[in-house]
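The residues making up each chain are set out below.
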Amino acid sequence: MTEKSFRDVEYNYKFINERIAEAAEKSGRKREDITFLAATKTVDPAVINHAISLGLDHIGENRVQELLSKYEAYDLSRCSLQFIGHLQTNKVRQIVDKVDLIQSVDSVKLAREISNQSVKRGKKTDILVEVNIGREENKSGVFEENLEELLCQIAELEGISVKGLMTIPPICENEHKISKYFYNMHKLFIDISEKKLDNVSMNILSMGMSADFYEAILEGANMVRIGSALFGARNYT
Ligand SMILES: *Cc1c(COP(=O)(O)O)cnc(C)c1O
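The text that follows walks through the structure, step by step, so that each part is easy to find. Remember, it's a predicted structure, so these values are computed and weren't measured experimentally.

### Examining the site of the ligand
Near the ligand the following residues occur: A39, K41, N62, I84, I168, M209, S210, R225, I226, G227, S228 and R234. At 2.9 Å from an oxygen atom of the ligand is found a side-chain nitrogen or oxygen belonging to N62. Taking S210, its side chain carries an N or O atom lying 2.5 Å from an oxygen atom of the ligand. Contact with the protein chains covers 89% of the free accessible surface of the ligand, which is 390 Å².

Here it is in structure tokens:
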């Protein structure tokens, strides 16, 4: 890894933290009320570990294969590793003992497999339920009208602990539109919290990425998932 990419990450890390602090304050909260999770897909573990050395304490991968191939190289002594991508049921057993939280659960079938694999290992896995707030076809996540029923079914599973919600809103051409999705998502989060469902805690609302984390925090996010703004634009080749 070059000195330059390390320096870029340092600069970006500091800048993002300042923006998070600013948005937190603007929405009546503190910097420490907001969790900064770095989305680390395509990023070299040496660069990830450099960010961890700066204080980053949450990272998220979104492909099972990539997570497994990088797993031994991460410095996870004081950093949580989460799964943030679409997870296939048949791959759950490969990661369940490696991740602290799975953000993208949107079916009972997937939840049941996470639970079964967790029970086998004598653990309980924290999850978020993914909501398709923009009602987009071919996109992961449950529609809001089905959320409560799904939560009630998942809550009965022995090996799972529901911690909150996550969403990836549609790509929007302006801040006003994206803010509306974040607003709707926060409202849903509050409505569900107020129902006090058994075995369901609503502590985490994960929304906002590089382009829109500021708006997401203003609308109530308490976890943002940031990739390119920290590590630079991705190169998939
Ligand atoms: C890649 C990714 C992000 C971060 O995206 P950026 O636009 O690079 O910040 C956030 N959430 C998920 C689920 C991702 O896959």
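Having put the structure on the table, let's press on.
### Looking at the side chain of S115
Along the chain, the position of S115 falls in helix α5 (residues 108–120). Residue S115 is classed as buried on the basis of its relative accessible area of 3%. A polar contact of 2.9 Å, which involves the side chain of S115, links it to the backbone nitrogen of G159. With residues up to four places along the chain from it excluded, the contact list for S115 reads L157, E158, G159 and I160.

### Some points on unusual backbone geometry
Non-glycine residue N138 carries a positive phi angle of around 60°. Summarising the element assignment, N138 is placed in the loop between β5 (125–131) and α6 (144–155). Classification of N138 by relative accessible area gives exposed; the value is 84%. Located in the positive-phi region is N199, a residue other than glycine, with phi close to 60°.

### Structural notes on the nonpolar core
In terms of nonpolar packing, the biggest core is built from 67 residues, with I114 and I154 touching the most fellow members. Residue contacts for I154: discarding those within four places in its chain leaves V105, A111, I127, V129, I160 and V162. A39, L101, I204 and M223 belong to the second largest nonpolar core, which has eight residues in total.

### Here's the deal with the pairing of strand β3 (residues 80–83)
Here β3 shows a buried face lined by S80 and Q82 and a second buried face lined by L81 and F83. One ladder, built from four bridges, connects strand β2 (residues 58–61) with β3; its direction is parallel. Following the sheet pairing, H58 is matched in β3 by S80. The β-α-β motif built from β2, the intervening helix α3 (residues 64–70) and the parallel element β3 has right-handed crossover chirality. Bridge count between β3 and strand β4 (residues 101–105): two bridges; the pairing is parallel. Across the sheet, the residue bridging to Q82 is L101, located in β4.

### Brief notes about the pattern of salt bridges
Close approach of charged atoms lets side chains of opposite charge pair. As enumerated under the stated definition, the model contains 12 salt bridges in all. For E66, the salt bridge goes to K70, with nearest N and O atoms at 2.7 Å. Here E66 and its partner K70 are both found in helix α3, four residues apart, which amounts to about one turn of the helix. The salt bridge involving K98 is made with D97; its shortest N-O contact spans 3.6 Å. Given a relative accessible area of 23%, K98 falls into the partly exposed group.

Criteria and thresholds
- Residues numbered from 1 in each chain as written.
- Predicted model: local features only at pLDDT ≥ 70, side-chain atom pairs only at ≥ 80, totals over all residues.
- Heavy atoms only, no water.
- Near = heavy atom within 4 Å.
- Polar contact = N/O pair within 3.5 Å; in protein donor to acceptor, adjacent residues only side chain to side chain.
- Areas by Shrake-Rupley, 256 points an atom, 1.4 Å probe, with all protein chains shown as cover.
- Helix = DSSP H or I, 4+ residues; strand = E, 2+ residues; numbered from the N terminus.
- Buried < 20%, exposed > 50% of the residue type's maximum accessible area, 1.4 Å probe, protein only.
- Contact = heavy atoms within 4.5 Å.
- Core = buried A, V, L, I, M, F, W, Y, C linked by side-chain atoms within 4.5 Å.
- Pairing = 2+ DSSP bridges.
- Right-handed = clockwise from strand over helix to strand, strands pointing away.
- Salt bridge = Lys/Arg side-chain N within 4 Å of Asp/Glu carboxyl O.

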